[in-house]
Every structure is written in structure tokens, then in C-alpha cells.
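# Descriptive structure summary
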Amino acid sequence: MKIQVILFGTLRNGFPDHDPVHGLEVELADGSSVADLVDHLEIPRTRLGVVSVGGVLVKADTRLKDRDRVRVFQPIAGG
Amino acid sequence: MKFLTVDMNRQKISVRDVPEDYVALGGRALTSILINNEVPASGDPLGPENKLVFAPGYLSGTPLINTSRLSIGAKSPLTGGIKESNVGGTVAADLARLGVTALIVEGAAPSGENYILKIDINGDAQLIDAGQYKGLRTYALVEKLKQAFGPKHSITCIGPAGEYQLAAASIQTTDADGRPCRAAGRGGLGAVMGSKGLKAVVVAQGGKRTDSLADEDGFKEAARAYAQEVRANEFSGQLLPELGTALLVEPINAVGAFPTRNARSGQFENATKISGETMAATIKQRGGKTTHKGCAGCIINCSNEYVDESGGYVTSSLEYETIWAMGGMIGNDDLDAIARLDFLCDDIGLDTISTGVAVAVAMDAGYREFGDGQAAVAMVEEVAAGTDFGKILGNGPASVGRHFNHDRVPVIKGQSMAAYDPRTIQGMAVTYATSPMGGDHTAGWVVDQNLKEFGGTLDRFSAEGQVEASRNTQIHMAAVDSVGICDFAQTGLATPEGIQNVYKMIAAKSGQPFGGDDWSKLGLSVLKAERAFNRRAGFTSKDDRLPKMFYEEPLPPLNKVVVISAEEMDKTFDF
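The structure contained in this document is the topic of the report that follows.

Conventions used here
Residues numbered from 1 in each chain as written. Chains lettered and ligands numbered in written order. Predicted model: local features only at pLDDT ≥ 70, side-chain atom pairs only at ≥ 80, totals over all residues. Heavy atoms only, no water. Helix = DSSP H or I, 4+ residues; strand = E, 2+ residues; numbered from the N terminus. Rg over C-alpha atoms; globule rule 2.2 N^0.38 Å. Buried < 20%, exposed > 50% of the residue type's maximum accessible area, 1.4 Å probe, protein only. Contact = heavy atoms within 4.5 Å. Areas by Shrake-Rupley, 256 points an atom, 1.4 Å probe, with all protein chains shown as cover. Buried area = accessible area lost by both parts, 1.4 Å probe. Salt bridge = Lys/Arg side-chain N within 4 Å of Asp/Glu carboxyl O. Expected span 1.5 Å × (residues − 1). Pairing = 2+ DSSP bridges. Axes fitted to C-alpha atoms, helices over the stretch in contact; angles between N-to-C directions. Parallel < 35°, antiparallel > 145°, perpendicular 65-115°, else oblique. Left-handed = near helix turned anticlockwise from the far one by under 90°. Nonpolar A, V, L, I, M, F, W, Y, C, P; charged D, E, K, R; others polar. Phe/Tyr/Trp six-rings, centres within 6.5 Å; stacked < 30°, edge-to-face > 60°. Lys NZ or Arg CZ within 6 Å of the ring centre and 35° of its normal.

### Some points on the overall build of chain B
Helix and strand counts for chain B come out as 22 helices and 17 strands. What you see for chain B is a C-alpha radius of gyration of 22 Å, in line with the 25 Å of a compact globule of 575 residues. Counting only C-alpha atoms, chain B reaches 60 × 50 × 50 Å along its principal axes. A total of 575 residues make up chain B; the buried ones form 65% of that total. Residue pairs in contact within chain B that sit at least 24 positions apart in sequence constitute 69% of those at least 6 positions apart. With an accessible surface of roughly 18,800 Å², chain B has 46% of that area assigned to carbon and sulfur atoms.

Here's what the structure looks like:
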């Protein structure tokens, strides 16, 4: 299945093809979870904050569907 | 180590050694304790009985990075309580290098008279007639003052809003490039400066009278270790330089805590158009600066220079809270309009947060349409023009609410909340409600502790643990604001070794032992002084509450309300 991923903050720095609006298109096996996507992108857990699908926050074990639009954020600090 | 006191009644300046009670204090500890001791709590904030106190942090001017932080304190015309407003730029380092521990402005010049206070390279001060500068906006004023006195000065000043003595007026100060774009925004202290007849403070740069360090080698060793931590941390070493605080737009919107259209929703559907990522891409494409040094001694460079389509300077620095107040909060997705509004607020001398929220309340009351950025520009221009509506707006959101008889006004103790809705981050409900400053995010920022996804351990929809988290953070921040370390350089003290370095530096400056208990005691002493002042000014526990909209109106799309009870709020200051 194809997943559209938009990375925020400095997460996108490792992905030269990342488009600011459309992000990246990633091909994953059917039934993959959010955790599988994060592993596929090789994003260390320490750099991972919120993940949302279609504007709703999801957990690591949430199953993804074909054409899902996933947004991946970094941890934040400071005010 | 001296106190410089300016008596505006008689235009007399006196200098004395730092009195014993204030030795080893700086920043917010100094301003708040002095105001609690010397300003009548029931007095008129715009009367001669109020005092306006400028104090660099205890570590300002030392070799430690990111310590050019100035605390400005007074009784606030916005809240009616005590106020410390904190600002960067270069002036704190410059005052500290002239050996000025506090600058205290008392009394008021005779009506119609206007002065500039100039402090020269020897630390000697004089008042100069400023009649010719009356009414000037800050950018034009700074240009004229640099022509008159030379470029090597930090300039701290007010614009027309401060001269009109409006309750949302800021005190602006110059950044590392000499632009008056750094704001002590909160609490209306620009109005206090205006009431004294003081238009600007001009401070010579490059002084050599910095306080001596009791253990210089020990200090430098700890300062080096601290700087290494700040550089190595991804947040302060990479994220902030690249995106600035605007990096928060997308994640806070994603968690449904980005107050939109006067906090009628927690998500702005066009947040991506005004996000940090979009801002950085826009600035880069136009040839502006995404990474920019705004403050003396800064190694983070979270500032930026926003430019227009032809590459011309618009403003510095466009930040998260302003993008929210002039963007999502008024339903405006036009980043250029937000940047223009940021510049106008700096130029007229207005707090961007209070002004944006005041515009939002007016729009919510039906005065103009949400989303109309150009209408917001016209409204803010009215403040400078001195129209009746401009004065209503310039007095802040509560003033606008009274004018339109509109009760959806997100203020606490008269001061607006910031860019985190307390219904979906309950910890911020406690900080907004209980901080002696009124609605304030920096007084106790517990956003990270509330978001499990960001490493927090608290349930952001539950009351459990929120009072304790806010209390501890408020105590900690009161200490941080007193030593003068930049909020964003706190990545250097986030680990046990990091905070030890701060204790070592305080001890190495003062020559007295300093540890974790002393840090808590310092923070507590500040909060106790502030709380005591507010009690004498007439505040009760009923003032430690949020407006009813936060308890009664569920916030879409998560449909949460604030669940912290009055009894729990009252436990915040059980110390």
C-alpha cells in the first residue's frame, strides 16, 4: 500500500525528495502499523513526537490503510 | 554592583551600592522583591508612586552564553498586580558590563515633559530633554537616537502606545543588529514608562565594569560545559536555529491545542500556511534569514529576518506566539499579514499577544470578519493614530470585551492567555490561572510534561498531577528568570549535571555555596513576594480562576473543557 508521509521540524532533513506540502510517498506491506512506518523511515524513537493520520493522533500500533496521510512530528521543549 | 535611581519628579539621578538585602539577586528576583518592598500595592500603576525597575539577570554580562536577559518590573496597569516582563536583545549584557545591577525609575516628569536617560561608557547617567522625539514610532526613534549618540548603544524605548499609556503597551529594545524588535511585551509596562515621561534609555555598549567573579576559572569551566550541552541538544542545536519557535505551530495544532478564532476551536484548518516549516521555506526562497542572532552572547540563533517578495526587511523575529495571536487566533492564514502585524506592534510599541487577542475578541463580537488580516492591520494602525477605537484596542482584550459587552474574553487577571488552549493541555490551565503574572505561558510552561507523545508523563485531559507540575515549574522558572538564562537555553540545564553547572556558576560568582535547595528557595522567594504584593493589591483566590468559557464550552475537535477544580487551583501555592 502507498502512504503519504509529511515530516516536520528537522525530521525532513534526511529526505531530499521531501516536498513541503505533499511530503513523501512510501510503499509499505499491507497491514503495516505506525511503528512499521517509523522503522521504515529509520527515525529513532528518541526523535519521535506525535504521529497523526488524517488529523487524528494515533498510537504506535495503529494499522495504516492505503492512501493514508500521516504526519510525523518531533518532540518539543521550551516555551 | 550599583543601583542607579532616577527621580523623574525632579530629574535627579543618584547612585548607591547594592543594599545588603539585594546582594546576589538579579533579574526577576530583584525586580519583584524590590517592588513588593517599595511600591504601594494599592497605588495607581500610572501614578508617580509606581516604580519601573530594570534588572539584568544575575548571570548577565558573565562569560555564560545566552544570558542577555533583562527583567522589567512594576505594578501592571493591565493586571493591577505585580509584573515582571522579560526581554532579550543586548541591553541586559550592556547594563551588566557597566556594573548596573538595577535601574530604578521613580516619580513622574511634569505633564508634557519627555526625557531620554543616557548611560555612558563609565556608567554615568544623565537625563536629556526628548521633546523632539515625542510621538515617534520605535524604528524611527532608534534611527534618530543612533544618529545623535552613535551606533554603539543599546536602546530601550516606547512607541506611541506607551506614550498614550495604554495597558497593552510594550517596552521595546534593540537586537544585535540595533533594531527595536525585542519586546518586554506583557503587562503594559510601556504605559508605566510613558507615565513617567521616559521615552528611551540609551546604554553604551562595551563597558568594562562587570561584577568580578569570585572563582573565575571555576565559572568558565562550568560555562563551557553548559554551552556544549546547548549545542549538542537537537532542540536548541538544530530545530530552533532552523525554524525558530514557530516550529510549535504544527504539533500544537495537531494535538488540538492551537486556539483558533478566539478559542472557538483547537485546530486551525490552514495551520500549514502559517507553520514554522512554511515560514522558513518562504524566508529562504525570498532571500531572508531563517537563522539569525537576536541577542548578545547567543549561540542558538532562534531569531529570523522575515522579508517581503522583493527581499525587503519586514520584521524580526517572527515567533510562535505572534503567529498564533495574529494568525490562528484571528483566523488569518496570510503569513505576510502576520509579519506586517508583528512589525507594526514592535513599531507602535504593543504586545503582540495582547493585541492579537484583543483583535480576536473584537472579531468574535462581530466588529470585523475572522480571517481578514488587512482589517487587523487597520485596527492596529488606529492605536498609533490615537482614535477612540485604537485606545480601546490598545488597552487589551478585556477593554475590547467591555466595549462590545462581549463575554468571550480569554484573560486571567486581565492578561490574555497564550498559544496553548488550557482545555486540551490542563497543566496550562493551572499556570494561566495561578501565576501572579496573569495569563502567561513562560511562567510555568508544562506543555511537554502534558504531552505523552513528547515524553510527558501526565494525562493532558486529567487534573491528576497538574497542580504539582505547574507549581514546580513556576518555582523553577522564577529562578531561571532571576539568573537571566534564556528560556530556550534551558536545554543546558535539563540534565542533573546541567543544573549542577548552573549552581556552580552562581557559587563561582558570589563566592558563597549554592545548591539545589538554594535554587528552590530562590524561586519560592520570588513567587512569595509576587503573591504577597497581589494579595495587598486586592487579589483573592477567586482571581486564580479561568474565564467561564474554558469550563463551559467544549473545545472542538476534541470537545474537552477544563477539569481542574477551584480547590485544586488553590493548592498551587501551598508552600
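### Considering the overall build of chain A
Looking only at helices and strands, chain A features 1 helix and 5 strands. Reading the helices (α) and strands (β) of chain A from amino to carboxyl end gives β-β-α-β-β-β. By the compact-globule yardstick of 12 Å for 79 residues, chain A fits well, its C-alpha radius of gyration being 12 Å. In terms of overall dimensions, chain A has C-alpha extents of about 40 × 25 × 20 Å along its principal axes. When contacts within chain A are restricted to residue pairs at least 6 apart in sequence, those whose partners lie at least 24 apart make up 58%. Looking at chain A as shown, the accessible area adds up to about 4,000 Å², and 51% of this sits on carbon and sulfur atoms.

### Considering the interface of chain A and chain B
Chain A puts 19 residues into the contact, and the matching count from chain B is 28 residues. When chain A packs against chain B, close to 2,000 Å² is buried across both sides, 63% of that on carbon and sulfur atoms. The tally of links from chain A across to chain B stands at 2 salt bridges. Between Glu 234 of chain B and Arg 47 of chain A there is a salt bridge whose closest N-O contact spans 2.6 Å.

### Examining helix α19 (residues 496-510) of chain B
All names here are of chain B. Here α19 is 15 residues long and its end C-alpha atoms lie 22 Å apart, about the 21 Å a rise of 1.5 Å per residue gives. Among the residues of α19, Gly 498, Ile 499, Asn 501, Val 502, Tyr 503, Met 505, Ile 506, Ala 507, Ala 508 and Lys 509 are the ones counted as buried. Following α19 by one or two positions, Gly 511 has its phi on the positive side, about 80°.

### Regarding the pairing of strand β7 (residues 115-119) of chain B
All names here are of chain B. β7 sits mainly inside the fold: 5 of its 5 residues count as buried. Of the two faces of β7, the one carrying Tyr 115, Leu 117 and Ile 119 and the one carrying Ile 116 and Lys 118 are both buried. Hairpin connection of β7 to strand β8 (residues 125-129): 5 residues between the antiparallel strands, including Gly 123 at a positive phi of 85°. Across 5 bridges, β7 lies against strand β12 (residues 198-204) in parallel orientation. When the bridges of β12 are listed, Tyr 115 appears paired with Leu 198.

### Describing the sheet that holds strand β15 (residues 313-315) of chain B
Neighbouring strands of a sheet are bound in pairs by backbone hydrogen bonds; such pairs are parallel or else antiparallel. Residue and element names in this part refer to chain B. Across the sheet, which stays open at both edges, the 3 strands sit in the order β13-β14-β15 with antiparallel pairing between neighbours. Bordering the open sheet on either side are β13 (289-292) and β15, each of which pairs with just one other strand. Strand-to-strand twist of the sheet, defined as the mean angle between neighbouring strand axes without regard to direction, takes the value 40°. Where β13 lies against strand β14 (residues 303-307), 2 bridges are found, and the strand directions are antiparallel. The residue bridging Lys 289 from the neighbouring strand is Glu 305, located in β14. The sheet contacts of helix α9 (residues 276-286) involve β13 and β14, and relative to β14 the element is tilted by about 60°.

### What to know about the pattern of salt bridges
Residues and elements named next belong to chain B. Taken as a whole, this structure holds 33 salt bridges over all chains when the rule is applied. The shortest N-O distance in the salt bridge between Lys 548 and Asp 407 comes to 2.9 Å. A residue pair is termed long-range when its members are at least 10 positions apart, and Lys 548 in helix α21 (residues 548-552) and Asp 407 in the loop between α15 (397-404) and β16 (411-412) qualify at 141 residues. Classification of Lys 548 as partly exposed rests on a relative accessible area of 47%. Residues joined in a network through salt bridges with shared partners are Arg 137, Arg 340, Asp 347 and Glu 381.

### Focus on the side chain of Ser 470 of chain B
Looking at the secondary structure, you find Ser 470 of chain B in helix α18 (residues 466-483). Every residue in contact with Ser 470 of chain B, bar those within four places of it in the chain, is listed here: Gly 427, Val 430, Thr 431, Thr 434 and Val 446 of chain B.

### Thoughts on the sheet that holds strand β3 (residues 51-53) of chain A
Residue and element names in this part refer to chain A. Taken together, the 5 strands give an open sheet; going across it, the order is β2-β1-β5-β3-β4, and neighbouring strands pair in mixed fashion. On the outer flanks of this sheet lie β2 (24-27) and β4 (56-57), each paired with one strand and no other. Both strand β1 (residues 2-7) and β2 contribute to a ladder of 4 bridges, which runs antiparallel. Bridge pairing links Val 5 to Leu 24 in β2.

### Observations concerning the side chain of Asn 534 of chain B
Inspection of the secondary structure puts Asn 534 of chain B in helix α20 (residues 516-536). Apart from residues lying up to four places away in sequence, Asn 534 of chain B is in contact with Gly 81, Ile 82, Pro 436 and Phe 539 of chain B.

### Thoughts on the packing of helix α6 (residues 216-232) of chain B against α19 of chain B
Residues and elements named next belong to chain B. Remark: α6 packs on α19, axes separated minimally by 9 Å, with the N-to-C direction vectors making an angle of 155°. Of the possible angle classes, the one that applies to α6 and α19 is roughly antiparallel. Both α6 and α19 take part in a crossing whose hand is left-handed. Residues Gly 218, Phe 219, Ala 222, Ala 223, Ala 225 and Tyr 226 of α6 form the contact with α19, whose participating residues are Gly 498, Asn 501, Val 502, Lys 504, Met 505, Ala 508 and Lys 509. Of the residues assigned to the contact of α6 with α19, the class counts are 8 nonpolar, 3 polar and 2 charged.

### So, the packing of aromatic side chains
Under the definition given, this model contains 12 aromatic pairs over all chains. When the ring of Phe 8 of chain A is compared with that of Phe 73 of chain A, the centres are 4.4 Å apart and the planes differ by 15°; the resulting orientation is stacked. Here the residue Phe 8 of chain A occupies a position in the loop between β1 and β2, and Phe 73 of chain A occupies one in the segment after β5 (69-72), the gap between them amounting to 65 residues. The residues Phe 8 of chain A and Phe 73 of chain A share a single accessibility class, namely buried. Three or more aromatic residues link up through ring pairs in this structure, and these residues are Phe 258, Tyr 320, Tyr 420 and Trp 445 of chain B. A cation over a ring is seen here: Arg 368 of chain B above Tyr 367 of chain B, with NZ or CZ 4.2 Å from the ring centre.

### A short note on helix α16 (residues 426-434) of chain B
Residue and element names in this part refer to chain B. For α16, the tally of buried residues reaches 9 of 9 residues, placing the bulk of the element in the interior. All buried positions along α16 are accounted for by Gln 426, Gly 427, Met 428, Ala 429, Val 430, Thr 431, Tyr 432, Ala 433 and Thr 434. Elements in contact with the buried residues of α16: β16, α17 (447-450), α18, α20 and α22 (566-570).

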